[in-house]
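Single-letter residue listing:
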Amino acid sequence: MQARRGFLTLVAAALTAIAIAGWGGSSATPQHHRRYQGATTGLNGLRIKGNRFVDDNGRNVSLHGVFYVSFEWACSHGHGISSQPTDQAAAQELLKWHVNFVRIGIAEDCWLGINGQPKGTTVSAYQNALRAWIDLLHGDGIYTEVGLMYAAPGTHPSTAQAAMPDEDHAPAFWQSLATHLKSEPDTIFGLYGEPQPSKSAGSWTCWLKGGSSCKVSYKGRRYPAAGMQQLVDVIRATGAHQPISVPGTHDAADISKWLQYEPHDSAHQLAAEWHEYGNSPCFSSQDIDISNNVSCWNDAPAAVAAKVPLVNGEVGERRNSNACAWSFMPIYLTWADAHHVSYAAWKYDVDHGNCTNMALIKDDAGDPTPIYGVGYQAWLAVLAGLAGQARH
């Protein structure tokens, strides 16, 4: 009976979100916004127990939020420290979306202050702004994932994602960032954005070990890669014990062999990260590109989620394409909620028109874009209401 009730609740959430998304109104935001429990009492830490995130009181925590376009792009392209506001007003706007989770990407050169980055500001200003934004979010009851996103070897500026973290700078980046944030118990460390080791049989070995096992290039030149194991070890050597989210291969879309190649973690605090879009391939346990549907999700992704927390660091209607739709997301999110998968929708950024950049908001006030933004905001509102009912 309890399982059936849970299934019907998920169906109700899906139908409510779909109905609101199809409604002709301009916003699905209720007039009275509910904060998550931590917003008024302070968050209670985040750690991993089995295959779930829990707070320091042992209560299960499901993370639902957004990728917040900010510290990864602007600093490396001469547009200031962050692409979006990172003040209290911005945090309040996120609360209107009922998020309890924000994913933040970082450019390694901007954090380290190398290769002419960050442009137009100082490394201390960049680091202080990031820390202040994290503290604001935590103060408002929003957990964060902070991680390496833009990387590049040698003297190349880190203005985009390389195929793998670079041995030249990624270990130094994580040594510095983990040291800086190890007193933030409400943060997850996102190890890397989207690894793309070669699609040969040795891609998972490259992913794990880096070094000579990798054949990766940046702008046509081979470079030494840092593997996931090395970066996990660097973080733990700083004394940081926060959860670490480790992405799969093939742009983080493939987690079919994640459990087989799982890095060793002395703190036993690893989560798997998976990026999923409506037009992305889904990789089964046989590592075969098959249609993206529930039967595939019930294969490798479900197996991973049964062992460790699974985080969708990116999820959206369509990758690199028009996002004026709400068809894939309600189906996928229903599955994700049933399997306790956490997720951050791509992306909390202002739409430049015609839904061309997969953005969730249409203006600086945080109003949702038609269809995609409205649908996701409504989905989060339903989840927040259900969570509120469960606490009473």
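Attention in this report is confined to the structure presented alongside it.

Calculation rules
Residues numbered from 1 in each chain as written. Predicted model: local features only at pLDDT ≥ 70, side-chain atom pairs only at ≥ 80, totals over all residues. Heavy atoms only, no water. Helix = DSSP H or I, 4+ residues; strand = E, 2+ residues; numbered from the N terminus. Buried < 20%, exposed > 50% of the residue type's maximum accessible area, 1.4 Å probe, protein only. Areas by Shrake-Rupley, 256 points an atom, 1.4 Å probe, with all protein chains shown as cover. Pairing = 2+ DSSP bridges. Axes fitted to C-alpha atoms, helices over the stretch in contact; angles between N-to-C directions. Contact = heavy atoms within 4.5 Å. Core = buried A, V, L, I, M, F, W, Y, C linked by side-chain atoms within 4.5 Å. Salt bridge = Lys/Arg side-chain N within 4 Å of Asp/Glu carboxyl O. Disulfide = S-S within 2.5 Å.

**Notes on the overall build of the chain**
Item 1. From N to C terminus, the chain includes 12 helices and 15 strands.
Item 2. Looking at the chain as a whole, 56% of its 392 residues qualify as buried.
Item 3. Carbon and sulfur atoms make up 53% of the accessible area of the chain, which totals about 15100 Å².

**Focus on the sheet that holds strand β14 (residues 310-316)**
Item 1. Strand order in the closed barrel formed by 8 strands is β4-β5-β6-β7-β10-β11-β14-β15, and the pairing between neighbours is parallel. Sheet twist, expressed as the average angle between the axes of neighbouring strands with direction ignored, equals 30°.
Item 2. Inspection of the sheet shows strand β10 (residues 244-247) paired to strand β11 (residues 270-277) by 4 bridges, in the parallel sense. The residue bridging valine 246 from the neighbouring strand is alanine 272, located in β11.
Item 3. Lying on the sheet, helix α3 (residues 88-96) is in contact with β4 (64-68), β5 (101-107) and β15 (342-348); it crosses β4 at an angle near 140°.
Item 4. This element, helix α8 (residues 228-237), spans β7 (187-190), β10 and β11 of the sheet and lies at about 170° to β10.

**Side note on the nonpolar core**
Taken as a class, soluble globular proteins show a tendency for nonpolar side chains to be buried jointly.
Item 1. Among the nonpolar cores identified, the biggest contains 97 residues, and Leu94, Trp174, Trp258, Tyr332 and Tyr376 are the most heavily contacted of them.
Item 2. Residue contacts for tyrosine 332: discarding those within four places in its chain leaves Trp274, Glu276, Trp297, Asn312, Val315 and Val341.
Item 3. Counting 12 residues, the second largest nonpolar core, distinct from the first, contains Leu46, Ile48, Phe53 and Ala271.

**Regarding the pattern of salt bridges**
Item 1. Taken as a whole and assessed by the stated rule, the structure comprises 10 salt bridges.
Item 2. Aspartate 135 is the salt-bridge partner of arginine 131, the closest N and O atoms lying 3.7 Å from each other. Taken together, the positions of arginine 131 and aspartate 135, both in helix α5 (residues 123-139) and 4 residues apart, correspond to about one turn of that helix.
Item 3. Residue classification places aspartate 135 among the partly exposed residues on the basis of a relative accessible area of 38%.
Item 4. Where salt bridges share partners, they join Arg103, Glu145, Glu273 and Glu314 into one cluster.

**Examining the sheet that holds strand β2 (residues 52-54)**
Item 1. Across the sheet, 3 strands lie side by side as β1-β2-β3; this open sheet has antiparallel pairing. Edge positions in the sheet fall to β1 (47-49) and β3 (60-61), since each has one partner strand and no second.
Item 2. In this structure, β1 lies alongside β2, joined through 3 bridges in antiparallel fashion. Across the sheet, residue lysine 49 finds its bridge partner in β2, namely arginine 52.

**Topic: the pairing of β14**
Item 1. Counting buried positions along β14 yields 7 of 7 residues, so the element is predominantly enclosed.
Item 2. Here 6 bridges tie β11 to β14, and the two strands are oriented parallel to one another. Bridging from a neighbouring strand, tyrosine 277 pairs with glycine 316 of β14.

**Structural notes on the state of the cysteines**
Item 1. With the rule as written, the count across this model stands at 3 disulfides.
Item 2. At a sulfur-sulfur separation of 2.1 Å, the disulfide partner of cysteine 75 is cysteine 110. An S-S torsion of about 100° defines the bridge between cysteine 75 and cysteine 110 as right-handed. Of this pair, cysteine 75 sits in the loop between β4 and α3 while cysteine 110 sits in helix α4 (residues 108-112), and the two are 35 residues apart along the sequence. In this pair, the class of cysteine 75 matches that of cysteine 110, namely buried.

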